[in-house]
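# Close look at the chain arrangement
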Amino acid sequence: FKILTDNKKIMSHLIHLSKITPRAENTSNILSFLKLSSSFEEMMKMERVVCSGCEKKRKYFCYECMKPMGDPALTPHLRLPLSVDVIHHPTEMLSKSTAIHAKIVSPDDVHIFEFPDIPEYNADEVLLLFPSPNAKSVRDIEDISKIKRVIFVDSQWQKTTRMMNDPRLACLPCVKIDAHKTVFWRYQTKGDECLATVEGFIISYYYL
């Protein structure tokens, strides 16, 4: 989620979450397990600082260099049960990508690749989170003992066709998240069941 910049915006966002429609009930239940870091109040006081990598002023984190700003001790550091690869569309603005947030808090487990410069994958060891026609529900995956990595496509929905037609992705087993409604603040027209990338992270790991 976007880190909101003042308490008034935070309260407004929390009120919005509390009024989520019944279709989003499962999503809100899952997100209710998330807790704010104890350093959140200190992060709220941060000013823009110059990134040592790109030398541009950033607040909270640099989306180009993918690293936190300010005191590193204030940034939560999480380890994930499975590695994550994010396939980022080259025309998608990094400043709007929610995958960056995951990279900031889980730098050891989240890897971002810019399409078409992506790895070759072993189809027996990965799951691709994408609602293709033959995708299974993530809730129906019973055995993940051989799964080493989950792959996410980070792109506007209308740009995913070319990416999914790439032979390196087209051969991979797809899973989808159903019965969940996005609570992400940025508007999109493809439907409430189309989740932001970071929402996909959270919900898929909840089931896996």
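Refer to the structure presented above.
Throughout what follows, the structure given in this document is the object of discussion. All values derive from a computational prediction rather than experimental measurement.

Another aspect to go through is the sheet that holds strand β7 (residues 126–129). Each strand in a sheet pairs with its neighbour through backbone hydrogen bonds, running either in the same direction (parallel) or in the opposite one (antiparallel). Taken in spatial order, the six strands line up as β6-β5-β9-β7-β10-β8 in an open sheet, and their pairing is parallel. Edge positions in the open sheet fall to β6 (110–114) and β8 (136–137), since each of these has one partner strand only. Here two bridges tie β8 to strand β10 (residues 174–176), and the two strands are oriented parallel to one another. Paired with Ser 137 across the two strands is Lys 176, which belongs to β10.

Moving on to the pattern of salt bridges. One pass over the structure, following the stated rule, counts six salt bridges. Between Arg 149 and Asp 85 there is a salt bridge, and its shortest N-O distance comes to 3.1 Å. Residue Arg 149 is found in strand β9 (residues 149–154), and its partner Asp 85 is found in strand β5 (residues 83–88); the two are separated by 64 residues along the sequence. We classify Arg 149 as partly exposed; its relative accessible area is 23%. What makes Asp 85 buried here is its relative accessible area of 2%. The residue Arg 168 makes a salt bridge to Asp 166 at a minimum N-O spacing of 2.9 Å. Both residues of the pair, Arg 168 and Asp 166, count as buried.

What counts, and where the lines are drawn
Residues numbered from 1 in each chain as written. Predicted model: local features only at pLDDT ≥ 70, side-chain atom pairs only at ≥ 80, totals over all residues. Heavy atoms only, no water. Pairing = 2+ DSSP bridges. Helix = DSSP H or I, 4+ residues; strand = E, 2+ residues; numbered from the N terminus. Salt bridge = Lys/Arg side-chain N within 4 Å of Asp/Glu carboxyl O. Buried < 20%, exposed > 50% of the residue type's maximum accessible area, 1.4 Å probe, protein only.

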